[in-house]
Amino acid sequence: MTAKHLSDAELAAGRELMARLDAFAAFTDEPGRLTRLFLSDAHKRAARAFIGWCAEAGLDARIDAAGNVVARYEGRQAGAPALMLGSHIDTVRDAGRYDGNYGALAALAVVEGLAGHGERLDHAVEIVAFGDEEGVRFRSTLTGSRALAGTYEQDALDQKDSGGVLMRDALKAFGGDPDAAGSIRANNVAAFVEAHIEQGPLLEAEGLPLGVVSAINGATRLEVGVDGAAGHAGATPMALRRDALTAAAEMALAIEARARREADLVATVGRLEVWPGATNVIPGHVQFSVDLRAPDDARRAAALADLKASIHSIAVARGVRATVAKTHEANAFVCDPRIVAGLTRAVVEVGVRPRILPSGAGHDTMVMGGHCPAGMLFVRCKGGVSHNPLESITPEDCAYGLAALSRFVRDFRVS
Ligand SMILES: [Zn+2]
């Protein structure tokens, strides 16, 4: 697909955003690779740069109590309800430069586009660069969006990083206010929208630069134990075996087959351990994990029931015993239908065939969605690769994302 539907100005704005993403990647805690952990020195330098760019656009940006960078571009009337845009600027270790950063800097670029023409809308636009999405440094995650959504967990402040530094102290040094972080909640926000790289291969496979997110998948994790009978690999005839590994293998295949039956449902056996784990011993015990995700909780529950039934029937048929324990469960977040419709219109306006897809990864949007209507725009990334320095987007796709987000913002109406 060519960028024939984008204007020269939109393509130029995309190139500028790419250049800024490159410059922003210089804010790292580790020379030679991008690592920007929550409240680190690199995070502080990145936040200062973001605030500086906001100031150049005439915006008064600041670090809020929870360590987010926030700024507001007023509408025609001061105090109008705001459309909030943004994403996170913390990264994993040895990260790519687009995960999170794309949505935070695209939000700023949208406002720069408005401010550059002195264009005011009926609503205000607030931009946010969340600081704590990846949850790498402390045993906490999404604390920035939780603060704005009014669901801040105070005990996050008592978490220590690997060097023994309390989040409370790091937040204070960063310019936040641990005593107020739990009470800042975003006021008068009509909706929240996050642009983000897809982190999956679907848009690339379909030749599309953009996608609109329908829902963020809910997830269930299981720990399955299979007890058979260990025995001599030479002396036990096949008919008399109760092999825990072949039973587990059949269970893994049944789990895969069930997930394949349904679009948007994914199931993974990612870890499997075998006891005693010797060449000449029939496996007596196997332990494996199951990760099941779907954009719809009822469909995930139905699939879960089927998986459990398959595991037990395979166990009975093979004379082994299976135990299934649930280790994690999170409900899906369904994006606001009006935002999905608005983003879809914007995607069509920039000449892209609309594709609505679920997000397999978690995002700040699912937290903000507990506070106000929320949704997401996905930008194609090469090979679906993320959390990796090989993360890559094209300048054209960058421009498509910014152009669609800008149109969405201009067309947005507070209901
Ligand atoms: Zn992200």
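Residues numbered from 1 in each chain as written. Predicted model: local features only at pLDDT ≥ 70, side-chain atom pairs only at ≥ 80, totals over all residues. Heavy atoms only, no water.

## Points about the pattern of salt bridges
In total, this model carries 28 salt bridges according to the counting rule given. Residues Arg221 and Asp291 are paired through a salt bridge, measuring 3.2 Å at the closest nitrogen-oxygen approach. Placement of the pair is Arg221 in strand E7 (residues 218–227) and Asp291 in strand E12 (residues 285–294), with a sequence separation of 70 residues. The exposure class of Arg221 is partly exposed, given its relative accessible area of 35%. The salt bridge involving Glu273 is made with Arg271; its shortest N-O contact spans 2.6 Å. The exposure class assigned to Glu273 is partly exposed, which follows from its relative accessible area of 33%. The network of salt bridges with shared partners includes Arg258, Glu262, Arg299 and Asp306. (Salt bridge = Lys/Arg side-chain N within 4 Å of Asp/Glu carboxyl O. Helix = DSSP H or I, 4+ residues; strand = E, 2+ residues; numbered from the N terminus. Buried < 20%, exposed > 50% of the residue type's maximum accessible area, 1.4 Å probe, protein only.)

## Digging into the pairing of strand E5 (residues 189–197)
For E5, the tally of buried residues reaches nine of nine residues, placing the bulk of the element in the interior. The pairing of strand E3 (residues 82–88) with E5 spans four bridges and is parallel. Among the inter-strand pairings, Leu85 is bridged to a residue of E5, identified as Val193. Bridge analysis of E5 against strand E16 (residues 374–379) gives six bridges, and the strand direction is parallel. When the bridges of E16 are listed, Ile197 appears paired with Val379. (Pairing = 2+ DSSP bridges.)

## Structural notes on the side chain of Ser140
Locating Ser140 in the fold gives a position in the loop between strand E4 (124–130) and helix H4 (143–149). When its relative accessible area of 11% is taken as the criterion, Ser140 is described as buried. Of note is the side chain of Ser140, whose polar atom sits 3.4 Å from the side chain of Asp132. In this structure Ser140 touches Asp132, Gly135, Ala156, Gln159 and Met167, once residues within four positions along its chain are discounted. (Polar contact = N/O pair within 3.5 Å; in protein donor to acceptor, adjacent residues only side chain to side chain. Contact = heavy atoms within 4.5 Å.)

## Re the nonpolar core
The biggest cluster of nonpolar side chains holds 101 residues, and the ones touching the most others in it are Phe50, Leu85, Tyr102, Val125, Ile127, Phe408 and Val409. Looking at which element gives the most residues to this core, the answer is helix H3 (residues 101–116), with ten residues. Apart from residues no more than four positions distant in its own chain, Val409 is found in contact with Leu83, Leu85, Val110, Leu114, Leu121, His123 and Val125. Counting residues in each nonpolar core, the second largest holds 23 residues, with Ala244, Leu304, Ile311 and Ala315 among its members. (Core = buried A, V, L, I, M, F, W, Y, C linked by side-chain atoms within 4.5 Å.)

## Overview of the packing of aromatic side chains
The description of an aromatic ring pair uses the distance of the two centres, along with the angle that the planes make with each other. In the structure shown here, the tally under the stated rule is five aromatic pairs. Note on Phe24 and Phe27: the rings are 5.7 Å apart at their centroids and 75° apart in plane angle, and the pair reads as edge-to-face. When the ring of Phe408 is compared with that of Phe412, the centres are 5.9 Å apart and the planes differ by 45°; the resulting orientation is tilted. Both residues of the pair, Phe408 and Phe412, count as buried. Members of the aromatic cluster, connected to one another through ring pairs, are Phe24, Phe27 and Trp53. Above the ring of Trp53, the side-chain terminus of Arg20 is found at 4.4 Å from the ring centroid. Lying across the ring of Tyr73, Arg120 places its NZ or CZ 4.2 Å from the centre. (Phe/Tyr/Trp six-rings, centres within 6.5 Å; stacked < 30°, edge-to-face > 60°. Lys NZ or Arg CZ within 6 Å of the ring centre and 35° of its normal.)

## Some points on the coordination of the zinc ion
Put simply, the ideal angle at a metal is 109.5 degrees for four donors in tetrahedral geometry and 90 or 180 degrees for six donors in octahedral geometry. Each protein donor to the zinc ion is listed here as His88 (NE2), Asp99 (OD) and His196 (NE2); together their distances run 2.0 to 2.2 Å. In terms of primary sequence, the donors binding the zinc ion are separated according to H-x10-D-x96-H. Placement of His88 in strand E3 and of His196 in strand E5 is noted, with a sequence separation of 108 residues between them. Overall, the relative accessible area of 0% leaves His88 in the buried class. By relative accessible area, which is 1% here, His196 ends up buried. (Donors = N, O, S within 2.8 Å, 3.2 Å for Na, K, Ca; no water.)

## Points about H3
In an α-helix, one full turn covers 3.6 residues, which means residues spaced three or four apart are oriented alike. Its 16 residues give H3 an end-to-end C-alpha distance of 22 Å, which sits within 8% of 22 Å, the value for a rise of 1.5 Å per residue. For H3, the tally of buried residues reaches twelve of 16 residues, placing the bulk of the element in the interior. Inspection of H3 places Asn101, Tyr102, Gly103, Ala104, Leu105, Ala106, Ala107, Leu108, Ala109, Val110, Val111 and Leu114 among the buried residues, and these make up the whole buried set. Looking one or two places after H3, you find Gly118, whose phi comes out positive at around 60°. (Expected span 1.5 Å × (residues − 1).)

## Things to note about helix H1 (residues 8–24)
For H1, with 17 residues, the first-to-last C-alpha span of 24 Å sits near the 24 Å given by 1.5 Å per residue. Taken together, the buried positions of H1 are occupied by Glu10, Gly14, Leu17, Met18, Arg20, Leu21 and Phe24. Angularly, the buried residues of H1 cover 165° about the axis, an arc narrow enough to put them on a single face. Turned more than 90 degrees away from the buried face of H1 sit Asp8, Ala9, Arg15 and Glu16, all of them exposed. (Arc of directions from axis to C-beta.)

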